[in-house]
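Inside the fold
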Amino acid sequence: MPMPDANTAIIAALNDRARQRLDHCRWILTQGVLACDPITVAELLIAVEDFDNFTADNDPYAEHDFGAIRLSGDTFFWKFDCYDLDLQMHSLDPSDPAVTARVLTVMLAEEY
């Protein structure tokens, strides 16, 4: 497992900020999530915002870019992808918000 460096800490902080504030990123809810009961979706979005159960097992690169949530009998995943500002390719530097567009996808586990 790689050792976290300064850029890793910046990426984790930017991911946390985007996830917790619902800003500085684009949120995508998959068809499976959108088909869920609206109350479940609302609870899921709050659970994604509040997620802080990062461990070496579920966050091996310490970037806070993935989480799993069990809710209403279903397992949901959320994950970040970091793209260039045109959303054409992965960002060359995810620690630099000036060149990075964050996309947070929330999905049912079986959609992964």
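Data block above holds the structure.
Throughout what follows, the structure given in this document is the object of discussion. If you're wondering where the values come from, they're calculated on a predicted model, not measured in any experiment.

1. Thoughts on the overall build of the protein chain
When helices and strands are counted, the protein chain shows three helices and four strands. N-terminal to C-terminal, the α/β element order of the protein chain is α-β-α-α-β-β-β. Relative to its length of 112 residues, the protein chain is compact, with a C-alpha radius of gyration of 14 Å against a globular reference of 13 Å. Seen through its C-alpha atoms, the protein chain measures out along the principal axes to roughly 40 × 30 × 25 Å. In the protein chain, buried positions account for 38% of the 112 residues. Total accessible area computed for the protein chain in this model is approximately 6,600 Å², and 55% of it derives from carbon and sulfur atoms.

2. Quick notes on the nonpolar core
If you look at the biggest cluster of nonpolar residues, it comprises 17 residues, and the most contacted ones within it are Leu44, Val48, Ile69, Phe76 and Trp78. Mapped by element, the contributors of at least two residues to this core are α3 (38–50), β2 (66–71), β3 (74–83) and β4 (101–108).

3. Quick notes on the packing of aromatic side chains
Scanning the model with the defined rule gives seven aromatic pairs in all. Relative to Trp78, the ring of Phe51 has its centre 5.6 Å away and its plane inclined at 75°; by these criteria the two rings are edge-to-face. Residue Phe51 is located in the loop between α3 and β2, and its partner Trp78 is located in strand β3; the two are separated by 27 residues in the primary sequence. This pair shows no difference in class: Phe51 is buried, exactly as Trp78 is. Between Phe77 and Tyr112 the ring centres are 5.7 Å apart and the planes differ by 85°, which places this aromatic pair in the edge-to-face class.

4. Considering the sheet that holds strand β1 (residues 26–29)
Pairing in this open sheet of four strands is mixed, and the strands run β1-β4-β3-β2 from one edge to the other. If you trace the sheet from one side to the other, it starts and ends with β1 and β2, each paired once. Averaged over all pairs of adjacent strands, the angle between their axes in this sheet comes to 20°, without regard to strand direction. Across the face of the sheet, helix α1 (residues 6–21) comes into contact with β1, β3 and β4 while running at roughly 60° to β4.

Cut-off values and rules
Residues numbered from 1 in each chain as written. Predicted model: local features only at pLDDT ≥ 70, side-chain atom pairs only at ≥ 80, totals over all residues. Heavy atoms only, no water. Helix = DSSP H or I, 4+ residues; strand = E, 2+ residues; numbered from the N terminus. Rg over C-alpha atoms; globule rule 2.2 N^0.38 Å. Buried < 20%, exposed > 50% of the residue type's maximum accessible area, 1.4 Å probe, protein only. Areas by Shrake-Rupley, 256 points an atom, 1.4 Å probe, with all protein chains shown as cover. Core = buried A, V, L, I, M, F, W, Y, C linked by side-chain atoms within 4.5 Å. Phe/Tyr/Trp six-rings, centres within 6.5 Å; stacked < 30°, edge-to-face > 60°. Pairing = 2+ DSSP bridges. Axes fitted to C-alpha atoms, helices over the stretch in contact; angles between N-to-C directions. Contact = heavy atoms within 4.5 Å.

Honestly, that's just the spatial picture; any functional story needs more than this.
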